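# Breakdown of the fold
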Amino acid sequence: MELHFQLVLAFLLLSPCFIQTRRIRGVSMSYRRLYRERKSFLCMDGSRLIPFVQVNDDYCDCTDGSDEPGTAACPNGRFYCMNLGFRPHYIPSSRVNDGICDCCDGSDEFSSRMQCPDKCRMLGQKERRELEETMKAVNKGLLLKKQLIEEGALVWQEKQEQLKQLQKMAEDLKIKLEDHRRRKLKAEAEKEHLQKAVMPDPNSVEGQGERPGQAPHGGRPRVDQGSVFHSREKEGKAEIQEQHDPANTSPHENPVIREAQSAVDSAVAELQKVEEAHDSVQMEISELQEKLENDYGPEREFVFLLSRCVQMTVSEYMYTLCPFSQVTQKNSAGLEVMLGKWSGWLGPPDSPYRQMKYDEGEACWQGPKRSTLSQG
C-alpha cells in the first residue's frame, strides 16, 4: 500500500499538469492565456517564436524577458505576485529566489532556502481595517469611489497600451506573413522550373530517346551517352558495367530536385509558424477588445477589479470569483468545476451595479448549465 502511494505521488509530481503550473509561475491572469501549453511561444515583443519547453527554463531567450516570468534569468524580467487576499503587484525578476520575501504570499521564493509564510490575508485585513478607519473620518463613499476611479483609469490605460502593442505585433506579423507567402511561391516556382529542366518533354524527339546502338532516321547508330559500357575479361566471360548519368535518374532521386523540395518544405514550415503567431495575436486582440467593451460603471470605477480574484472556502469547497471573467468551485480532492462565465450586470434599475451574473457554466448531472449571482 505504501509503495502504491509513493508511485501515485511520483506520477502527480511528474505529470504534464504539474509541469505546466511550474512553467507559468509569475504570470498575471490577463497574460496567462499567452502561456497556455502549446508547441511554441511568441515573445511579447514579437521578436522570436521559441519552443514552449524553453519558457521558465532559467535561460533568457526573449529580449523583453517575457519567456522567463518565473525565474531570474532575464535582467529586464518581471515576476507577478498573485497575493490572493491582498493587492497583486510586479517585482523585478532579479528578486526571485534571492532569499528575501518580496511577495506577501511567498511565491517569489519557491525554490530558495527561505520559508516565506503567506501574510496576504493578514495584510489584506489590516489594509481593510485601516481603510475603514480612514473612511470614518471622511465621506466614505466619495473617497472610495474616487480611489476606484483613479485606479481604474490606470488599469484602463494599461489595457489600451496592451491593445496597441498587440495591434502593432499583428501589423508586423502580417508583413512577415506576406513575405513568407512570397518565399513559398518562389520556392515552388523554382522547383517546378528545375523539374521541367531535368525531365525532358516526352513529346519531343530528344525526350523519346533511342536504345543504345539504335540509329536515328538517316544516320549512323548513336551511342547512348546516358550509359557508358566497359568490358573486361574475367574467367573467359565479358563483364559489362553500366554507369548511369545523373540526368537519367528518377526525379525523386535527383539531388537538385531533392534540394528544391527541401527549400519548399522549409518555406512552408516557416509560413505555418508565422501564421500560428498571427492567429494567436489576433485572438488576443479580439479577447482584449471584448473586455474593453464591458460596462465598468459610469466612470469606469469597476475597472480595478480586472485581473483580481477573490477566494472563499465553504465546508469542503473553495470558491474563486474573478470579476468580469469566471466563477469556479474546487473540492478537497482538487476537482474544479466552472460555475459560470461573465454575462453582465443584473442589479435593479435604481442600482444596476449591485449584482453580477455569471452563466454558461458546466452542466449539472442530467440538468441545466450552472450559473452564479454575485451581489455587493
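Structure first, text after, so check above.
Residues numbered from 1 in each chain as written. Predicted model: local features only at pLDDT ≥ 70, side-chain atom pairs only at ≥ 80, totals over all residues. Heavy atoms only, no water.

## Let's talk about the pairing of strand β12 (residues 372-375)
Going residue by residue along β12, you find Thr 372 and Ser 374 tucked away on one face and Leu 373 and Gln 375 left uncovered on the opposite face. Where strand β11 (residues 355-359) lies against β12, four bridges are found, and the strand directions are antiparallel. If you follow Tyr 358 over to β12, its bridge partner there is Thr 372. (Buried < 20%, exposed > 50% of the residue type's maximum accessible area, 1.4 Å probe, protein only. Helix = DSSP H or I, 4+ residues; strand = E, 2+ residues; numbered from the N terminus. Pairing = 2+ DSSP bridges.)

## What about the nonpolar core?
Formed by 31 residues in total, the largest nonpolar core has its most connected members in Val 281, Phe 324 and Met 356. Apart from the residues lying within four places of it in its own chain, the contact partners of Phe 324 are Asn 294, Asp 295, Tyr 296, Phe 302, Leu 305, Leu 306, Trp 342, Trp 345, Met 356 and Tyr 358. The next biggest cluster of nonpolar side chains, apart from the first, holds eleven residues, and it includes Ile 24, Phe 41, Ile 50 and Cys 62. (Core = buried A, V, L, I, M, F, W, Y, C linked by side-chain atoms within 4.5 Å. Contact = heavy atoms within 4.5 Å.)

## Looking at the pairing of strand β7 (residues 310-314)
Little of β7 is tucked away: zero of the five residues are buried. In terms of strand pairing, β7 meets strand β8 (residues 317-322) through five bridges, oriented antiparallel. Paired with Thr 313 across the two strands is Met 318, which belongs to β8. Connecting β7 to the next strand, β8, in antiparallel fashion are two residues, including Ser 315 with a positive phi near 60 degrees.

## Some remarks on the sheet that holds strand β9 (residues 326-330)
Strand order in this open sheet of six strands is β7-β8-β9-β10-β11-β12, and the pairing throughout is antiparallel. Two strands in the sheet have a free side with no partner beyond their single neighbour: β7 and β12. Neighbouring strand axes in the sheet, compared pairwise and without regard to direction, differ in orientation by 25 degrees on average. (Axes fitted to C-alpha atoms, helices over the stretch in contact; angles between N-to-C directions.)

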